[in-house]
There are 2 protein chains.
Amino acid sequence: MTQTTTLSIAALHERVEAIFLKAGLNGVQAGALARVIVAGERDACKSHGIYRIEGALRTVKAGKVKADAVPELDSNEGSAIVKVNAKGGFANPAFELGVPVLAERARKLGIAALVINDCTHFSALWPEVEAVTNEGLAGLVMCPSYATVAPTGGNKPLLGTNPFAFGWPRPNGSPYVFDFATSVAARGEIELHRRAGKQLPEGWAIDAEGNPTTDPEAALAGAMLPFGGHKGSAIGTMIELLAGIMIGDLTSPEVLDYLGTTTLAPFHGELIIAMSPEAFAKGRPGDPFARAETLFEAIVGQGARLPSQRRFVARKTSETAGVTLTAAEMEQLDRLLDKGLDAVS
Amino acid sequence: MTQTTTLSIAALHERVEAIFLKAGLNGVQAGALARVIVAGERDACKSHGIYRIEGALRTVKAGKVKADAVPELDSNEGSAIVKVNAKGGFANPAFELGVPVLAERARKLGIAALVINDCTHFSALWPEVEAVTNEGLAGLVMCPSYATVAPTGGNKPLLGTNPFAFGWPRPNGSPYVFDFATSVAARGEIELHRRAGKQLPEGWAIDAEGNPTTDPEAALAGAMLPFGGHKGSAIGTMIELLAGIMIGDLTSPEVLDYLGTTTLAPFHGELIIAMSPEAFAKGRPGDPFARAETLFEAIVGQGARLPSQRRFVARKTSETAGVTLTAAEMEQLDRLLDKGLDAVS
């Protein structure tokens with residue numbers, strides 16, 4: 001039997017935060033990063049859990065993110081756009097600074113947007129969507145990535161995996177949340193196939209010559225494909241336009257030019273749109289939250305699933321039983337805490 | 001050689017408007033409907049051209065849309081939500097009434113929403129997206145439909161084909177516009193396969209028992225499937241939430257309950273979100289419109305296509321050479337003008 005260690009969520013948070021502080025991050029950066037990484041572990045979403053610490057530290061070490069950045073809020077009174085400049089730090093503390101102002105603005109005006117500029121982004125979008133739904137608001141979140149996806153009909157990486165996420169608040173339970181890449185698969189999944197020596201399913205990728213491939217090496221040298229053909233390609237393009245160009249931040253090809261690699265966390269911006277169901281539904285028949293439950297019941301009632309349910313089940317377990325890590329994971333955390341930036345190349 | 005007739009856009013508009021006036025529609029309804037239907041013919045988008053007149057008239061005759069409705073604007077000063085109640089008429093005149101106010105609000109606040117309530121909707125969303133981009137704004141448009149699509153993992157119609165449309169203004173040319181159903185195919189395409197006695201491609205539909213089918217009859221009795229698997233299903237659900245429930249209007253299953261058929265135009269609401277690239281990009285480096293052109297050039301430069309290009313090419317031809325209709329189409333227009341509502345069952 002493999003040795004494992006179970007930590008409470010608070011204890012894991014303390015440990016992850018200590019790693020970031022040791023590596024030279026300031027308090028706002030370290031705290032916000034620890035929250036989002038621990039949320040990943042808590043929800044059994046390992047691809048966004050402690051596995052991400054190293055990448056964040058590598059990006060610090062490469063000088064591509066400012067460890068001591070203090071985000072600046074431009075509350076932009078009189079506008080429906082709230083802006084936070086991450087000042088070259090991670091997106092997460094910038095988001096935390098902006099979200100209460102976004103929520104207040106969306107409640108007042110019905111719809112409002114939070115723009116984060118000049119940030120490094122490596123986390124899933126669902127923690128941010130859930131921060132919006134926690135305010136009783138519906139939220140749409142999107143950002144570019146690096147150029148790794150060819151537009152449909154094209155043959156070269158141009159779009160990012162550009163995640164698109166949405167949430168709807170459910171007063172008596174976990175929110176309705178989806179968060180997905182606009183590519184068929186995440187880049188990490190192709191990497192996992194490569195390590196396992198397995199062929200990719202058809203339709204995931206093209207090789208460097210633009211021909212369909214199921215070979216993960218050829219796919220990594222070529223380009224991934226958008227989900228849902230030309231429709232997903234159009235949504236990925238929309239994300240470049242809205243969450244890159246419109247907000248005055250980098251597009252996925254510009255991110256790749258800037259970093260020169262996909263092994264560091266990308267530097268770009270992020271767009272969050274929040275809407276108040278109460279403001280929109282005002283004066284109309286029916287309670288929007290109750291009506292949404294009827295829709296969810298109809299979905300579940302015919303055997304379909306609501307997105308994110310696996311995460312919410314894992315969360316419930318973690319909240320009472322803690323998070324269990326393998327001996328290798330614990331050693332890795334110890335090593336990162338001990339060596340700081342020297343632990344990463 | 002088949003006899004054809006070529007009409008100028010203005011002449012076709014006059015003819016279509018006259019049909020609606022003869023059928024008892026008031027001026028605002030007839031004018032707005034004629035504009036959107038002629039736009040379909042002009043762009044060689046036959047599925048939303050004069051073919052749609054009959055369905056609109058059938059819906060009038062069935063008493064499911066008010067021919068003499070006058071939409072009412074609630075400009076909702078101090079809010080980012082502009083509302084238009086279509087008063088049981090068609091969505092199009094309500095949209096025309098709301099869009100200048102939406103544009104002014106979006107320019108002032110950066111982002112704003114137009115809600116249309118209590119409308120009958122049969123047109124494509126691209127004319128509305130283009131009305132937003134004509135104001136120099138980026139636009140997102142969505143609405144429910146009838147319950148004809150099963151959520152991924154389910155086995156019964158629940159979601160609509162819920163169109164999702166987006167536009168980005170291009171100062172020196174036609175805008176970037178996409179407008180697509182969130183089902184794999186439009187319901188009309190399944191109907192066309194049925195009439196042609198052709199099997200459907202795999203993955204389009206399930207039969208009444210929830211099993212995959214390529215038989216169009218079985219598909220029409222069963223359910224269509226969302227595009228892009230669970231991702232498209234999630235987007236379709238988001239549209240029910242935002243453009244049905246949040247705006248206090250009917251969801252796709254409620255529309256079907258209300259109409260009892262999919263042969264009439266659906267009664268529901270619509271959500272339009274407009275964003276000002278100038279307001280969002282303010283204070284940031286680079287001109288968003290010039291940067292967008294760089295992105296479009298990169299897409300086209302690798303052999304991929306921008307959406308809607310076929311429409312724009314057809315539009316250019318129609319604007320100089322007019323619109324050519326078959327003898328059968330001309331007879332149909334004459335018959336509709338002559339008989340009014342008596343021409344439809």
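Since the structure is predicted, the reported quantities are computational estimates derived from the model, not experimental observations.

Moving on, we get to the sheet that holds strand β5 (residues 138-142) of chain A. Residue and element names in this part refer to chain A. With respect to topology, seven strands assemble into an open sheet ordered β2-β3-β4-β11-β5-β6-β7, the strand pairing being mixed. Edge positions in the sheet fall to β2 (72-74) and β7 (176-180), since each has one partner strand and no second. Averaged over neighbouring strand pairs, the angle between their axes works out to 15° when direction is ignored. Here strand β4 (residues 111-120) runs beside strand β11 (residues 267-275); their pairing, made up of eight bridges, is antiparallel. By the bridge assignment, T120 is partnered in β11 with F267.

What follows is about the domain arrangement of chain A. Residue and element names in this part refer to chain A. The domain architecture assigned to chain A consists of domain 1 (1-61 + 308-345) and domain 2 (72-183 + 226-305). Between the C-alpha centres of domain 1 and domain 2 there is a distance of 24 Å. Tallying the contact residues gives 24 residues for domain 1 and 19 residues for domain 2. Where domain 1 abuts domain 2, roughly 1,700 Å² becomes buried across the two surfaces, and 62% of that area is made up of carbon and sulfur atoms. The tally of links between domain 1 and domain 2 comes to three salt bridges. Salt-bridge contacts for E130 lead to R311; the nearest nitrogen and oxygen are separated by 3.0 Å. For the pair domain 1 and domain 2, the number of links is eight residue pairs in polar contact (both at pLDDT 80 or more). Looking at the side of domain 1 that touches domain 2, the element that brings in the most residues is helix α2 (residues 27-42), giving ten residues.

Another point: the packing of helix α4 (residues 91-109) of chain B against helix α5 (residues 126-133) of chain B. Residues and elements named next belong to chain B. In the contact formed by α4 and α5, the axes pass within 10 Å of each other and the chain directions differ by 20°. In terms of axis orientation, α4 runs roughly parallel to α5. Of the two possible hands of crossing, α4 and α5 adopt the one that is right-handed. Within the contact between the two elements, α4 uses N92, F95, V99 and L102 and α5 uses E128, A131 and V132. Considering only residue class, the contact of α4 with α5 consists of five nonpolar, one polar and one charged.

Right, let's get into the relation of the copies chain B and chain A. Note on the copies: chain B fits chain A at an RMSD of 0.0 Å, the axial shift is 0.0 Å, and the rotation between them is 180°. What the rotation and shift describe, once combined, is the action of a two-fold rotation axis. Closest to the rotation axis within chain B is the C-alpha of B:G228, separated from it by 2.0 Å. Comparing interface residues between copies, 100% of those in chain B also sit at the interface in chain A, which points to an isologous, same-surface contact.

Here we take up the pattern of salt bridges. Under the counting rule described, the total for this entry stands at 42 salt bridges over all chains. B:E72 is the salt-bridge partner of B:K87, the closest N and O atoms lying 3.9 Å from each other. In this pair, B:K87 sits in the loop between β3 (81-85) and α4 while B:E72 sits in strand β2 (residues 72-74), placing the two residues 15 residues apart along the sequence. Relative accessible area serves as the criterion here: at 37%, B:K87 is assigned to the partly exposed category. A relative accessible area of 48% places B:E72 in the partly exposed class. Through salt bridges with shared partners, a single ionic network connects A:R42, A:D43, A:E130, A:R311 and A:R315.

The next subject is unusual backbone geometry. All names here are of chain A. At N76, a position not held by glycine, the phi torsion is positive, near 55°. For N76, the position within the fold is in the loop between β2 and β3 (81-85). You can call N76 partly exposed: its relative accessible area is 25%.

The next thing to look at is the interface of chain B and chain A. Across the boundary between the two partners, chain B contributes 76 residues, which contact 76 residues of chain A. With a closest N to O distance of 2.7 Å, B:D118 and A:R284 form a salt bridge. The tally of links from chain B across to chain A stands at 26 residue pairs in polar contact (both at pLDDT 80 or more). Ranked by residue count, the leading element in the side of chain B that touches chain A is helix α8 (residues 230-246) of chain B, at twelve residues. Grouping the amino acids of the side of chain B that touches chain A by side-chain chemistry returns 46 nonpolar, 18 polar and twelve charged.

All names here are of chain A. Structurally, L159 is set in the loop between β5 and β6 (164-168). Taking C-alpha positions, L159 is 4.8 Å from A147, a pair spaced twelve residues apart along the chain. Ignoring sequence-local partners within four residues, the contact set of L159 consists of Y146, A147, T148, V149, P151, S233, G236, T237, E240 and S252.

What follows is about the side chain of B:D249. Locating B:D249 in the fold gives a position in the loop between α8 and α9 (252-259). Its relative accessible area of 3% is what places B:D249 among the buried residues. Setting aside residues no more than four positions away along its own chain, B:D249 makes contact with A:R284, A:R291, B:I116, B:N117, B:D118, B:G244, B:E254, B:H268 and B:G269.

Turning next to helix α9 (residues 252-259) of chain A. All names here are of chain A. Along α9, the residues that are buried comprise S252, V255 and L259. Down the axis of α9, the buried side of the element spans an arc of 55°, and every buried residue falls inside it. Summarising the contacts, the buried residues of α9 are in contact with α8 (230-246) and β11. Downstream of α9 by a residue or two, G260 has a phi angle that is positive, lying close to 75°.

To continue, consider the packing of aromatic side chains. Enumeration over the complete set of coordinates arrives at 24 aromatic pairs over all chains. Measuring from ring centre to ring centre gives 5.5 Å for B:F180 and B:F227, while their planes differ by 65°; the resulting arrangement is edge-to-face. Of the two residues, B:F180 sits in strand β7 (residues 176-180) while B:F227 sits in the loop between β10 (223-224) and α8, which places them 47 residues apart along the sequence. Stacked on the ring of A:W126, the Lys or Arg A:R311 has its end atom at 3.8 Å from the ring centre.

This part takes up the pairing of β3(B). Residue and element names in this part refer to chain B. Summarising burial for β3: four of the five residues are buried, a large majority. Where β2 and β3 come together, three bridges link them in antiparallel fashion. Looking across to β3, one finds that L73 is bridged to V84. Remark: six residues form the turn of the hairpin made by β2 and β3, two consecutive strands paired antiparallel; N76 in that turn has positive phi of roughly 55°. Both β3 and strand β4 (residues 111-120) contribute to a ladder of five bridges, which runs parallel. The residue of β4 that forms the bridge with V84 is I116. Regarding the hand of the β-α-β motif, the stretch spanning β3, α4 and β4 is right-handed.

Rules behind the numbers
- Residues numbered from 1 in each chain as written.
- Chains lettered and ligands numbered in written order.
- Predicted model: local features only at pLDDT ≥ 70, side-chain atom pairs only at ≥ 80, totals over all residues.
- Heavy atoms only, no water.
- Pairing = 2+ DSSP bridges.
- Helix = DSSP H or I, 4+ residues; strand = E, 2+ residues; numbered from the N terminus.
- Axes fitted to C-alpha atoms, helices over the stretch in contact; angles between N-to-C directions.
- Domains from an automatic or database assignment.
- Contact = heavy atoms within 4.5 Å.
- Buried area = accessible area lost by both parts, 1.4 Å probe.
- Salt bridge = Lys/Arg side-chain N within 4 Å of Asp/Glu carboxyl O.
- Polar contact = N/O pair within 3.5 Å; in protein donor to acceptor, adjacent residues only side chain to side chain.
- Parallel < 35°, antiparallel > 145°, perpendicular 65-115°, else oblique.
- Left-handed = near helix turned anticlockwise from the far one by under 90°.
- Nonpolar A, V, L, I, M, F, W, Y, C, P; charged D, E, K, R; others polar.
- Least-squares fit on C-alpha atoms with pLDDT ≥ 70 in both.
- Buried < 20%, exposed > 50% of the residue type's maximum accessible area, 1.4 Å probe, protein only.
- Arc of directions from axis to C-beta.
- Phe/Tyr/Trp six-rings, centres within 6.5 Å; stacked < 30°, edge-to-face > 60°.
- Lys NZ or Arg CZ within 6 Å of the ring centre and 35° of its normal.
- Right-handed = clockwise from strand over helix to strand, strands pointing away.

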